[in-house]
Amino acid sequence: MNIGDILEVEITAIAHGGHCIARHDGRVIFVRHAIPGEKVRIEITDVTSKFARADAIEVMIASADRIASRCEYARPKGCGGCDFQHVSHARQRSLKSEIVQEQFQRIAKMDLKVEVEEVLPNEHWRTRVAFSVTQDRLAAFHSSRSDNLITISNCQISDKAIDIAAINKSRLPSDGRVNAVVDQSGAMEVIVEGRESRALISYEVLGRKHLVDPASFWQSHIKAPELLAGIVRDWCQARTGDHIFDLYGGVGLFTGALLDQVGNTGRITLIESDARAITDAIRNFASDSIVEIVESQVERAISKYARADIVVVDPPRAGVGSKTLQRILALQPRTLVYVSCDPATLARDTRVALDNGYRLDQIRALDLFPMTHHIECVARFMLNN
């Protein structure tokens, strides 16, 4: 099997990462632009000693869930940003449910039934978009697993306020990067890498205002901040006087949601390593004396504490990891709420929690990244008594 080979295969299943699975002569092939149940003609794009990658270039027997893509760039050798532009929204969510369940069965060694929930809008939902810049100073996206740049004039998942024509007039640096951010009023801010941003972005979540540097992390789906903050607040079930840890706390989205629950006798410790997010958090909680803000890696800072009532974690895609999670659980919180953007690392960390005296009490999977393979999950772990 060589790069460029054309093969006919049947697609059998979905894999974590947005590819579908096919087999040929005993070798696994991960295929983009296909749907389980289809028969397709593929072109091999990468070959390793264990597997190959390919693009579906012709559909011979189509799934009933196949739709015409509304994005002209979602094609082989096109934009690599979306995985499922050719799949109906309902089937996208069922595929993601299969991914979550497979990861938990394989990694956490547990059978889990979960249905990925629709979160509208499922088009033009993304309020934060990162572009690369071509040598011709135009905004572009990368092709899948490639350094090739695809210049675009529109994007089906970007907020309609993200004006690519206007971005291209922003004196973009050749071969640089640029971010576009939309605030709650619908105004676009363009942040060019290497230049100071001019304005803070204002967001209101659960009645609390957050001022955020445009370059700081903020949930990209327009509905995500309010939805996730509400789930975390409800699942924590905090009591007056509780000490809550908001780990990988960013600018303080969840801290803001939990303040009223712990009252004046409670305490929230926000730990975050990104200096820009720490600056935002200090600004936003300057008048809240019960909030302690710590700039540090979580694994380093958490060992300085002896106990916790509740812990919230929202780690990057790599997850918390066994060593750090065991340090967190050593604080014996009665509740751990885990916000995850990767079901594989969530499944891995779930196994650690189960082995350290906790049970998985609830889990929700949310389609906060429609058209892509990404999935947001929120899990609640309770200490076994």
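Residues numbered from 1 in each chain as written. Predicted model: local features only at pLDDT ≥ 70, side-chain atom pairs only at ≥ 80, totals over all residues. Heavy atoms only, no water.

Novice: Can you help me understand the side chain of Thr127 in this one?
Specialist: Inspection of the secondary structure puts Thr127 in the loop between strand E7 (116-118) and strand E8 (128-133). On the accessibility criterion, Thr127 (6% relative accessible area) is buried. Here Thr127 is in contact with Asp159, Ile162, Ala180, Val181, Val182, Gln219, Ser220 and Ile222, once residues within four sequence places are set aside. (Helix = DSSP H or I, 4+ residues; strand = E, 2+ residues; numbered from the N terminus. Buried < 20%, exposed > 50% of the residue type's maximum accessible area, 1.4 Å probe, protein only. Contact = heavy atoms within 4.5 Å.)

Novice: Sorry if this is basic, but what is going on with unusual backbone geometry here?
Specialist: What is expected of a backbone is that most residues other than glycine have negative phi and most peptide bonds are trans. Here Leu120 and Pro121 are connected by a cis peptide whose omega angle stands at 0°. Mapped onto the elements, Pro121 comes out in the loop between E7 and E8. In this model, Arg171 sits at a positive phi of 50°, which is unusual for a non-glycine residue. Topologically, Arg171 is positioned in the loop between helix H2 (164-167) and strand E11 (177-182). Its identity is not glycine, yet Tyr248 carries a phi of approximately 55°, on the positive side. Along the chain, Tyr248 falls in the loop between strand E15 (243-247) and helix H4 (253-262).

Novice: Please clarify how the sheet that holds E7 should be interpreted in this entry.
Specialist: Pairing is mixed in the open sheet, where 8 strands are placed in the order E7-E20-E21-E19-E18-E15-E16-E17. Of all strands in the sheet, those bounded by a partner on one side alone are E7 and strand E17 (291-295). The average undirected angle you get between the axes of adjacent strands in this sheet is 15°. Where H4 meets the sheet, it contacts E15, strand E16 (267-272), E17, strand E18 (310-313) and strand E19 (335-340), and its direction lies at approximately 165° from that of E16. (Pairing = 2+ DSSP bridges. Axes fitted to C-alpha atoms, helices over the stretch in contact; angles between N-to-C directions.)

Novice: So what exactly am I meant to see when it comes to the sheet that holds strand E5 (residues 39-47) here?
Specialist: For sheets, the rule is that strands pair by backbone hydrogen bonds, running either parallel or antiparallel. Strand order in this open sheet of 6 strands is E1-E5-E6-E4-E3-E2, and the pairing throughout is mixed. Only two strands of the sheet have a single partner each, and these edge strands are strand E1 (6-10) and strand E2 (13-14). Taken together, the 5 bridges between strand E4 (residues 27-32) and strand E6 (residues 51-61) define a ladder with parallel strand orientation. Following the sheet pairing, Phe30 is matched in E6 by Arg53.

Novice: Would you mind showing me how to read the pattern of salt bridges here?
Specialist: Where charged atoms from two side chains of opposite charge approach closely, those side chains can pair. Evaluation of the coordinates by the stated rule reveals 23 salt bridges. When the shortest N-O distance is used, the salt bridge between Arg283 and Asp280 registers 2.8 Å. Highlighted residues: Arg283 and Asp280, both in helix H5 (residues 275-284), separated by 3 residues, approximately one helical turn. Residue class for Arg283 comes out partly exposed when judged on its relative accessible area of 32%. Classification of Asp280 as buried rests on a relative accessible area of 1%. Connected through shared salt-bridge partners, Asp242, Arg307, Asp309 and Arg334 make up one network. (Salt bridge = Lys/Arg side-chain N within 4 Å of Asp/Glu carboxyl O.)

Novice: Just to check I follow, could you spell out the packing of aromatic side chains for this structure?
Specialist: Given two aromatic rings, their pairing is described by the distance between the two centres and the angle made by the two planes. According to the stated counting rule, one finds 5 aromatic pairs in the structure shown. Taking 6.1 Å as the distance between ring centres and 85° as the angle between the ring planes, the aromatic pair formed by Trp125 and Phe369 counts as edge-to-face. Separated by 244 residues along the polypeptide, Trp125 in the loop between E7 and E8 and Phe369 in the loop between strand E20 (358-367) and strand E21 (376-383) bring together distant segments of the chain. In this pair, the class of Trp125 matches that of Phe369, namely buried. A ring pair is formed by Tyr203 and Trp218, whose centres lie 4.5 Å apart and whose planes are at 15°; its orientation type is stacked. You can see Tyr203 sitting in strand E13 (residues 201-205) and its partner Trp218 sitting in the loop between strand E14 (208-212) and helix H3 (224-236), a full 15 residues away along the chain. (Phe/Tyr/Trp six-rings, centres within 6.5 Å; stacked < 30°, edge-to-face > 60°.)

Just geometry here; none of it tells us what the structure is for.
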